Structure formats: C-alpha cells, structure tokens
Amino acid sequence: MNSQQLFGQIRKKQSYLCIGLDTDLEKIPAHLRSLHDPVFEFNKQIIDATHKLCVAYKPNIAFYEALGPKGWESLQKTLEYIPDDIFTIADAKRGDIGNTSSLYAKAFFEQMDFDSVTVAPYMGEDSVKPFLKFKDKWVILLAHTSNPGASDFQLMESRVTGRKLYEEVILKSKEWGSTDQLMYVVGATQAEKVESIRALVPDHFFLVPGVGAQGGDLELVSKYGMNKQCGLLVNSARAIIYASSGTDFSRKAEEEARKVNDVMKQCLDQYL
Ligand SMILES: O=c1ccn([C@@H]2O[C@H](COP(=O)(O)O)[C@@H](O)[C@H]2O)c(=O)[nH]1
C-alpha cells in the first residue's frame, strides 16, 4: 500500500486510527484462556469488532515472541485474518548490521507479509537500508518516542549543529527512502513537539503512539501533525483492546474505538 492508497483509506473511513494488538495472555478475558489459541481468538474478535473503524493494526511483536513458537503461530494467523485493505505494522523495533537487517526484513516482509516494520535508527544507514529494498514495504523509523526515557538520548543537542538527536535522525534518514517507504514514530505524549517535527518532514506519514493509556493528546497531535494527506496513523492499544475484561470485551473495544474515531472525524474536518 502506498501513501496515496493509505490516504484513500483514511478518507473513506474518516479515520486514521491504528489499533495496537498488544495481546497479553494475562489480560485477556478469562473465558478465552482455555481455548486452543486464546491470543488469536481474542485478536479475531477485536478485529471483527473494530475493522471498520481503523486503517491499521499494529501487533507489538514482543507480546507474541514471549510465547515462543505458539506466539508466532498466533501472530501469523492474526496477520492473515486482518482484511487486505488495512495497513499492517510489525512493531518489532529491529535494526542490526546489514546482513542481519536483511534477514529481519525477510522475516517480516517475506515469511510474514506485513506492510511495514518499526526500525531503530541507532546503528545507522547500513542497518536501515536493507529494509528499504523490499517493494511496496515500509520502514517506520523511531524518531521521537513517547516514553519518559525518550529524553535520555533523543533530546541531546549536537555541539556542531545545535540540533537534537531525533532531529538529526530525521534529517539524515529522509534521504534514504521516499515518502512511500519511510514513516517516523513520533510520540503523542509531547504533542507540542509534533509541529516542529512536521516542519522537518512535511510530506511523511507519522506513526503516533501514546494516546489512550499513555495520556497523549489526540486533538493537539492532529492539529500540529496533520498534512495534506493526513499524514498520521495514531495508535492506541490498551485503552481499546482492554476496555473490558469481561465477555463484552469486543463490544467495549468497538465503543472505545468509535470514541477515538469521533474525535478523528472532527480533526479531519478541521485540519485537513
Ligand atoms: O514511542 C513509542 C514507540 C512504540 N510504542 C508502542 O506503541 C504501543 C502503545 O501502546 P498503548 O497501550 O496504547 O500505550 C506499544 O506497543 C508500545 O510498545 C510506544 O508506546 N511508544
């Protein structure tokens, strides 16, 4: 899916919601736990209830890896179950020396057929470029993350340029691939920074985690971050998928997704 097609989905659904499938066996409703594949069963019901309200799903790979081979199987089944017109993100935060990155890319783009994978920029160009060799696939590079530790390194200022590390990451990496291959992770928890980040990369999509459970401000992020193609995929996981731990979990997830969507509709009217 290219950026034009992604924008087409956003316009059609009036939504730029990405639902995080951070499926934790300890948090899913008790009545699912005795099933053969409780993780897939949970995801399936969440997808059935929410797919009309979102344009992307983002399984965080850690939740599946932690379960061993069974987890990978649940992940694969989940990926196959997601409707074709929905963008998929493997939130794996990979990146290594070139030949290793090539195999990470193969794992997520060939073994599994994800549209995109999150990549850490720390090891530089040769660690990112192998992911960009895959046609119609995206790299989502960590830029300014939503967690408190983001300030440990990402906000460090270069004595030479006066720019922060995350700004250097964006300015250098934007030369590595097109706006149909490269997105940036920009956390919602410091919404005021989104405006200056948008100025650095006016045409790229941002994956924005941090609304919902982490308290980021959807309205502000939309105001500062939206571009002419919307340019935003705003992720929420726990606040949606764990809206209830009872038998009504999928209905409650749908309700939460709809609430986020109502705000998104207003923002699209106002800022697009
Ligand atoms: O800066 C980042 C990068 C990734 N994440 C991931 O997004 C989700 C957020 O989940 P919530 O439950 O909506 O808080 C999770 O998978 C993180 O690993 C992030 O939060 N911040």
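Structure: see above.
Residues numbered from 1 in each chain as written. Predicted model: local features only at pLDDT ≥ 70, side-chain atom pairs only at ≥ 80, totals over all residues.

## Some details on the site of the ligand
We count it as follows: Here, nearness means that the C-beta atom of a residue, built from backbone geometry, sits within 6 Å of the molecule or strand in question. When residues are grouped by polarity, Ala, Val, Leu, Ile, Met, Phe, Trp, Tyr, Cys and Pro land in nonpolar, Asp, Glu, Lys and Arg in charged, and all others, Gly among them, in polar.
Neighbouring the ligand are 18 residues; Asn60, Thr145, Pro209, Ala237 and Arg238 lie closest to it. Partitioned by chemical class, the residues of the shell around the ligand number 4 nonpolar, 11 polar and 3 charged.

## What about unusual backbone geometry?
The line we're drawing: Numbering of helices and strands runs from the N terminus; a helix is a DSSP stretch of H or I covering at least four residues, while a strand is a stretch of E covering at least two. With C-beta atoms placed from the backbone, a residue is buried if 20 or more other C-beta atoms are within 10 Å of its own, exposed if 12 or fewer are, and partly exposed between those counts.
If you check the backbone angles, Gln14 has positive phi at about 50° while not being a glycine. With respect to the helices, strands and loops of the structure, Gln14 is situated in the loop between helix H1 (3-13) and strand S1 (17-21). With 16 C-beta atoms packed within 10 Å, Gln14 lands in the partly exposed category.

## Considering the sheet that holds strand S7 (residues 205-208)
Test applied: Whether two strands pair comes down to DSSP finding at least two bridges between them. Only C-alpha atoms enter the line fits that serve as axes; for helices the fit covers just the stretch in contact. Angles between N-to-C directions range over 0 to 180 degrees.
Read around the barrel, 8 strands follow the order S1-S2-S3-S4-S5-S6-S7-S8 and close on themselves; strand pairing throughout is parallel. On average, adjacent strands in this sheet sit at an angle of 30° to one another, irrespective of strand direction. Both strand S2 (residues 56-59) and strand S3 (residues 87-94) contribute to a ladder of 2 bridges, which runs parallel. Counterpart to Ala56 in the pairing with S3 is Phe87.

## Comments concerning the packing of helix H2 (residues 38-50) against helix H12 (residues 249-271)
For any two helices packed against each other, one specifies the crossing angle of their axes together with the interaxial distance. To keep things clear, this is the line we draw: With respect to orientation, any angle under 35 degrees is reported as roughly parallel, any angle over 145 as roughly antiparallel, any angle of 65 to 115 as roughly perpendicular, and every other angle as oblique. If you view the pair so one helix is near and one far, a crossing is left-handed when the near helix is turned anticlockwise from the far one by less than a right angle, and right-handed when it is turned clockwise. By the convention adopted here, residues make contact when the C-beta atoms placed from their backbones lie within 7 Å.
Across the interface, H2 lies against H12 with an axial gap of 9 Å and an inter-helix angle of 45°. In this view, H2 runs oblique relative to H12, as classed from their interaxial angle. Handedness of the H2/H12 crossing: right-handed. Mapping the contact onto sequence places Gln45, Ile46, Asp48, Ala49 and Thr50 in H2 and Ser250, Arg251, Ala253, Glu254 and Ala257 in H12.

## As for helix H6 (residues 125-132)
Stated precisely, the cut-off is as follows: The arc in question is the one traced by the directions running from the helix axis out to the C-beta atoms.
Within the span of H6, buried status applies to Ser127, Val128, Pro130 and Phe131. Relative to the axis of H6, the buried residues are bounded by an arc of 150° and lie together on one face. Looking at the buried positions of H6, the neighbouring elements they touch are helix H5 (98-111), strand S4 (116-119), strand S5 (138-144) and helix H8 (165-173).

## Brief notes about the nonpolar core
Our working rule: Only buried residues count toward a nonpolar core: Ala, Val, Leu, Ile, Met, Phe, Trp, Tyr and Cys, linked into one set through C-beta atoms within 7 Å.
By size, the foremost hydrophobic cluster in this structure holds 79 residues, and its most contacted members are Leu17, Cys18 and Val234. In this structure Val234 touches Tyr16, Leu17, Cys18, Ala188, Val208, Val211, Leu218 and Val221, once residues within four positions along its chain are discounted.

## Quick look at the environment of Asp269
The topology assignment puts Asp269 in helix H12. Assessed through the 9 C-beta atoms surrounding it within 10 Å, Asp269 is described here as exposed. Each C-alpha atom of the pair Asp269 and Asn235 lies 20 Å from the other, and the pair is 34 residues apart in sequence.

## A few points about the pairing of S5
To keep things clear, this is the line we draw: Crossover handedness is defined here as right-handed if the route from the first strand over the helix to the second strand goes clockwise, with the strands pointing away from the viewer.
For S5, the buried fraction is high: 7 of the 7 residues fall into the buried class. Here 4 bridges tie S4 to S5, and the two strands are oriented parallel to one another. Opposite Thr118, over in S5, you have Ile140 as the bridge partner. For the handedness criterion, the β-α-β arrangement of S4, H6 and S5 is classed as right-handed. Here S5 runs beside strand S6 (residues 182-186); their pairing, made up of 5 bridges, is parallel. Across the sheet, the residue bridging to Leu142 is Val185, located in S6.

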